[in-house]
Amino acid sequence: ECLKVIHDTIDSMFKGGKSAQASTEGLNRVFVSADEASEGVKFIDLFVKLKLANSKKEARRLIQGGGAKLGEEKIADENAVLNMDGFNGETEVTLRAGKKRAGVV
């Protein structure tokens, strides 16, 4: 039983197990008010606020290169905005810049 717990922990840490994907603990966070979300916030601004990009230009290149994701869905338009529809009824969403960098809105 003890070995099973150790095995599950190693899987989640190194092999990208379910618990590692679902956990947003330790990620940079940005809070968006309901008013801002209803108007829509540009993804470019969110990437800069989350420090996933150093500048808006870098964020644009990330989106154009296909490395920007909202959850598991690619962001294709550099002028796209995150609005209430993007949350899909959840209280937070994960933005990804490449495979290893992520932040929570």
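Residues numbered from 1 in each chain as written. Predicted model: local features only at pLDDT ≥ 70, side-chain atom pairs only at ≥ 80, totals over all residues. Heavy atoms only, no water.

## So, the overall build of the protein
So, step 1. Looking only at helices and strands, the protein features six helices and seven strands.
So, step 2. Relative to its full complement of 105 residues, the protein shows a buried share of 29%.
So, step 3. Considering only residue pairs separated by 6 or more positions, the protein has 51% of its internal contacts joining residues 24 or more positions apart.
So, step 4. Entry remark: accessible area of the protein is about 7400 Å², with carbon and sulfur atoms responsible for 51%. (Helix = DSSP H or I, 4+ residues; strand = E, 2+ residues; numbered from the N terminus. Buried < 20%, exposed > 50% of the residue type's maximum accessible area, 1.4 Å probe, protein only. Contact = heavy atoms within 4.5 Å. Areas by Shrake-Rupley, 256 points an atom, 1.4 Å probe, with all protein chains shown as cover.)

## Here's the deal with the layout of surface pockets
So, step 1. Each pocket or cavity is described by its volume, and for the second largest pocket that value is around 270 Å³.
So, step 2. Around the second largest pocket, the lining is made up of 13 residues, and of these L70, G71, G86, N88 and V93 lie nearest the centre.
So, step 3. Mapped onto the lining of the second largest pocket, the elements with two or more residues apiece are β4 (73-74) and α6 (84-87).
So, step 4. Here the residues of the lining of the second largest pocket sort into five nonpolar, four polar and four charged. (1 Å grid on protein atoms, 1.4 Å probe; cavity = no way out; pocket = protein on both sides within 12 Å on 5 of 7 lines; lining within 4 Å. Points joined across faces, edges and corners; volume = space filled by probe spheres on them. Nonpolar A, V, L, I, M, F, W, Y, C, P; charged D, E, K, R; others polar.)

## Quick look at the pairing of strand β6 (residues 94-97)
So, step 1. Alignment of strand β3 (residues 68-70) against β6, held across three bridges, turns out to be antiparallel. Bridging from a neighbouring strand, K69 pairs with R96 of β6.
So, step 2. Here β6 runs beside strand β7 (residues 101-104); their pairing, made up of four bridges, is antiparallel. Pairing of A97 across the sheet is with R101, part of β7.
So, step 3. Hairpin connection between β6 and β7: a loop of three residues separates the two successive antiparallel strands, and G98 in this loop has a positive phi of roughly 80°. (Pairing = 2+ DSSP bridges.)

## Focus: a nonpolar patch on the surface
So, step 1. On the surface, L3, I6 and I10 cluster together into a nonpolar patch covering about 300 Å² of accessible area.
So, step 2. Accessibility expressed as a relative area gives 40% for I10, which makes it partly exposed. (Patch = residues over 30% accessible without salt bridge, like charges linked within 9 Å, V, L, I, M, F, W, Y side chains within 5 Å. Salt bridge = Lys/Arg side-chain N within 4 Å of Asp/Glu carboxyl O.)

## A few points about the confidence of the model for the protein
Low pLDDT means the predicted coordinates in that region are not meant to be read closely.
So, step 1. With 89% of its residues at a pLDDT of 70 or more, the protein shows a mean pLDDT of 82.
So, step 2. Predicted confidence in the protein is weakest over helix α2 (residues 18-22), with a mean pLDDT of 47, and strongest over helix α5 (residues 56-64), with 92. (pLDDT = per-residue confidence, 0-100.)

## A few points about α5
So, step 1. What α5 keeps buried is the set A59, L62 and I63. Down the axis, α5 shows its buried residues gathered within 95° of arc, on one side only. Along α5, the residues that are exposed and aim more than 90 degrees away from the buried face are K57, R61 and Q64.
So, step 2. On its buried side, α5 packs onto α4 (43-49), β3 and β6.
So, step 3. Backbone geometry just after α5 places G66 at a positive phi near 85°. (Arc of directions from axis to C-beta.)

## Topic: the environment of T24
So, step 1. Along the chain, the position of T24 falls in the loop between α2 and β1 (28-29).
So, step 2. The exposure class assigned to T24 is buried, which follows from its relative accessible area of 15%.
So, step 3. Measuring from C-alpha to C-alpha, the distance between T24 and G103 comes to 8.0 Å, with 79 residues separating the pair along the chain.
So, step 4. If sequence neighbours within four positions are ignored, T24 has contacts with R29, E92, T94 and V104.

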